[in-house]
Amino acid sequence: MSAASRLLAPPPGWTRTTDVVVVGSGVAGLMTALHAAAHADVLVVTKVHVDDGSTRWAQGGVAAALGADDSPDEHLQDTLTAGVGICDVDAVRVLCEEGPARLRELIALGAAFDRGTTGELLLTREGGHHRDRIVHAGGDATGAEVSRALVAAVQLHPRVEVIEHALVLDLLRDADGQTAGITLHVLGEGTVDGVGAVRARAVVLATGGMGQVFGSTTNPSVSTGDGVALALRAGAEVTDLEFVQFHPTVMWLGPDSHGQQPLISEAVRGEGAFLVDGNGDRVITAADHPLADLAPRDVVAKAITRRMERLGTDHVFLDARHVEGLDDRFPTIVAKCRSLGVDPATELIPVAPAAHYASGGVRTDLDGRTSVPGLYACGEVACTGVHGANRLASNSLLEGLVFAGRIGVDLEGGLPSPGAPVAQPPEGVLLDPSIRRELQDAMTRGSGVLRSADSLAATTKALLALEDRPSTQPSPDAWEATGLLAVATALVHAAALREETRGAHWREDFPKGSDAWCGHLVTTLAGTTFEEI
């Protein structure tokens with residue numbers, strides 16, 4: 001991994017000042033902005049449009065112990081089971097105990113979730129859950145409704161400003177190492193255009209995931225790991241990067257398809273759909289796992305991958321033909337499938353695993369604070385410890401809600417007072433944007449669902465070769481490609497070190513878990529260390 005501590009970029013041509021700058025506009029970023037704006041001026045900077053992040057793509061729901069037969073402790077136990085021994089129990093307890101109140105807070109902001117005839121919230125079940133505790137909106141359009149409600153609330157708030165088309169570059173710090181703002185590039189007009197700087201007393205990273213590290217993903221094109229790359233360059237700790245969740249049921253569009261792929265929510269399996277191979281045989285049964293098709297995602301993804309390997313195919317099928325009310329329950333999914341030539345009511349849906357969610361990220365404490373003073377992280381970019389080795393379904397939106405609230409409380413306790421930013425290092429790193437496709441293909445081949453010492457070594461060799469293709473022409477594509485390589489390199493290094501199979505990290509050469517690896521791999525620019533639990 002390159003030791004450069006900043007991206008090669010022109011000096012800032014403009015400067016803005018605020019109390020708190022939030023980078024990202026998904027559920028984590030917008031909810032953090034609303035909490036912080038109760039006592040501070042907030043600037044939200046977002047990469048494309050304010051509603052273009054991963055949140056609006058979420059088909060699953062929000063998990064919370066709301067049912068009369070449910071409890072936060074039962075939610076906690078399901079989360080710990082999915083996390084395979086390395087969740088932070090205190091963080092999970094915070095998630096499950098504070099989750100119901102944070103969900104009601106979202107409802108108070110205007111988010112409309114599906115309700116029954118008497119007005120009660122409709123609760124469903126998804127993979128890994130032993131209770132019905134998932135709320136949805138519009139059947140399979142939960143993310144879109146959450147995003148709509150939060151965007152509306154932010155746009156009405158007098159203390160929140162939004163700058164769109166803004167790509168974050170690097171962290172600004174004062175002489176004592178305290179966070180003092182960010183540099184960024186804005187495709188705009190007038191005074192806020194090109195490379196600039198935002199001076200701030202606190203910075204919150206809410207940049208989402210890193211799915212674009214791989215060739216096939218459910219993540220939108222903006223999910224290029226910018227926050228993790230920035231944090232690494234700033235000297236922050238990142239952890240658990242090897243635990244990338246591959247969603248088991250992503251619509252297979254053919255061998256040449258690349259980039260974002262349509263997700264088929266596991267809520268479809270929750271309503272009774274099941275996986276079959278080309279011979280019509282069930283892919284996973286109760287003999288394989290007590291929850292069968294509703295087993296945790298890593299279990300289902302492994303079962304699919306093993307079956308594809310055995311049969312020499314590149315996809316299996318999801319059978320939803322018998323699911324009652326398919327059009328009403330999953331209108332978005334059904335419409336998408338039909339637009340691509342598959343009618344789920346009468347045909348099998350071709351599916352395969354694809355990169356979906358990063359359980360690891362920038363390491364934080366229970367209040368969202370990173371190892372760099374004044375720098376916070378929230379949502380998928382963060383590693384709060386709640387997901388461990390594998391995220392439980394529908395815990396991601398909940399995590400954004402809960403820890404955004406905790407960051408707001410921490411900021412309310414007193415904003416830092418950094419000094420003037422020190423000059424950034426003269427030497428920066430920048431790679432040719434053409435490396436992106438080659439990087440994604442190498443990561444998919446050697447560091448995807450199936451991993452081994454040989455495959456990871458081959459990936460490392462390919463990534464090292466890409467480091468030798470520098471660029472002297474700063475641009476958004478080059479900055480993204482440079483960040484992708486930093487994140488991919490850190491991920492592969494951690495995956496090679498962890499010689500076991502645990503959760504979303506599957507080593508063919510070490511097919512079982514090991515107590516010796518019950519801990520976390522923590523990465524900085526100085527290297528990677530192992531911390532036992």
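So, here is what we can say about the structure in this document. (Residues numbered from 1 in each chain as written. Predicted model: local features only at pLDDT ≥ 70, side-chain atom pairs only at ≥ 80, totals over all residues. Heavy atoms only, no water.)

Observations concerning the packing of helix H12 (residues 453–466) against helix H13 (residues 476–497)
Two measures define how a pair of helices packs: the angle their axes make with one another and the distance between the axes. Formally: The angle between two axes is taken between their N-to-C directions and runs from 0 to 180 degrees, where each axis is a line fitted to C-alpha atoms and a helix contributes only its stretch in contact. A run of H or I in DSSP becomes a helix once it reaches four residues, and a run of E becomes a strand once it reaches two; helices and strands are each numbered from the N terminus. Each angle is binned into one of four classes, with values under 35 degrees roughly parallel, values over 145 roughly antiparallel, values of 65 to 115 roughly perpendicular, and all other values oblique. If you view the pair so one helix is near and one far, a crossing is left-handed when the near helix is turned anticlockwise from the far one by less than a right angle, and right-handed when it is turned clockwise. Only heavy atoms enter the contact rule, under which two residues are in contact if any of them lie within 4.5 Å.
Where H12 meets H13, the closest approach of the two axes is 10 Å, and the angle between their N-to-C directions is 155°. One finds that H12 runs roughly antiparallel with respect to H13. Judged by the twist between their axes, the crossing of H12 over H13 is left-handed. Note on element contacts: H13 touches H12 through Leu485, Ala488, Thr489, Val492, Ala495 and Ala496, opposite Leu456, Thr459, Thr460, Leu463 and Leu466.

What about the sheet that holds strand S4 (residues 62–63)?
Paired through their backbone hydrogen bonds, the strands of a sheet run either parallel or antiparallel. The condition that has to hold: Only strands joined by at least two bridges in the DSSP assignment are considered to pair.
Read across the sheet, three strands follow the order S4-S6-S5 without closing on themselves; strand pairing throughout is antiparallel. Edge positions in the sheet fall to S4 and strand S5 (123–124), since each has one partner strand and no second. Of the strand pairs in this sheet, S5 and strand S6 (residues 134–135) are connected by two bridges, and their pairing is antiparallel. By the bridge assignment, Leu123 is partnered in S6 with Val135.

Structural notes on the sheet that holds strand S1 (residues 15–17)
One open sheet holds the four strands; their spatial order is S1-S10-S9-S8, and the pairing between them is mixed. Two strands close off the open sheet at either side, each with one partner strand: S1 and strand S8 (166–173). The mean inter-strand angle of the sheet, taken between neighbouring strand axes irrespective of direction, is 25°. Two strands pair when backbone bridges link them, and S1 and strand S10 (residues 194–199) are joined in this way by three bridges, in the parallel orientation. When the bridges of S10 are listed, Thr17 appears paired with Arg199. Seen against the sheet, H13 touches S8, strand S9 (179–186) and S10 and runs at an angle of roughly 60° to S8.

A look at the packing of aromatic side chains
Quick reminder of the rule: Aromatic contacts are taken between Phe, Tyr and Trp rings whose centres are within 6.5 Å, Trp giving its six-membered ring; a plane angle under 30 degrees counts as stacked, one over 60 as edge-to-face, and the others as tilted. When accessible area is computed with a 1.4 Å probe and restricted to protein chains, residues below 20% of their type maximum are described as buried, those above 50% as exposed, and intermediate ones as partly exposed.
In the structure shown here, the tally under the stated rule is two aromatic pairs. With a centroid separation of 5.3 Å and 75° between ring planes, the pair formed by Phe214 and Phe246 is classed as edge-to-face. Placement of Phe214 in the loop between strand S11 (202–205) and strand S12 (216–217) and of Phe246 in strand S14 (residues 244–251) is noted, with a sequence separation of 32 residues between them. For the pair Phe214 and Phe246, one class covers both residues: buried.

Looking at the nonpolar core
How we decide: Among buried residues, the Ala, Val, Leu, Ile, Met, Phe, Trp, Tyr and Cys ones that are joined through side-chain atoms within 4.5 Å form a nonpolar core.
If you look at the biggest cluster of nonpolar residues, it comprises 58 residues, and the most contacted ones within it are Val45, Ile182, Leu205, Val213, Val228, Leu439 and Met443. Among the elements that line this core, the one with the most residues is H13, at nine residues. Leaving out residues up to four positions away in the same chain, Val45 has contacts with Val21, Val22, Val23, Gly24, Ile163, Ala166, Ile182 and Leu184.

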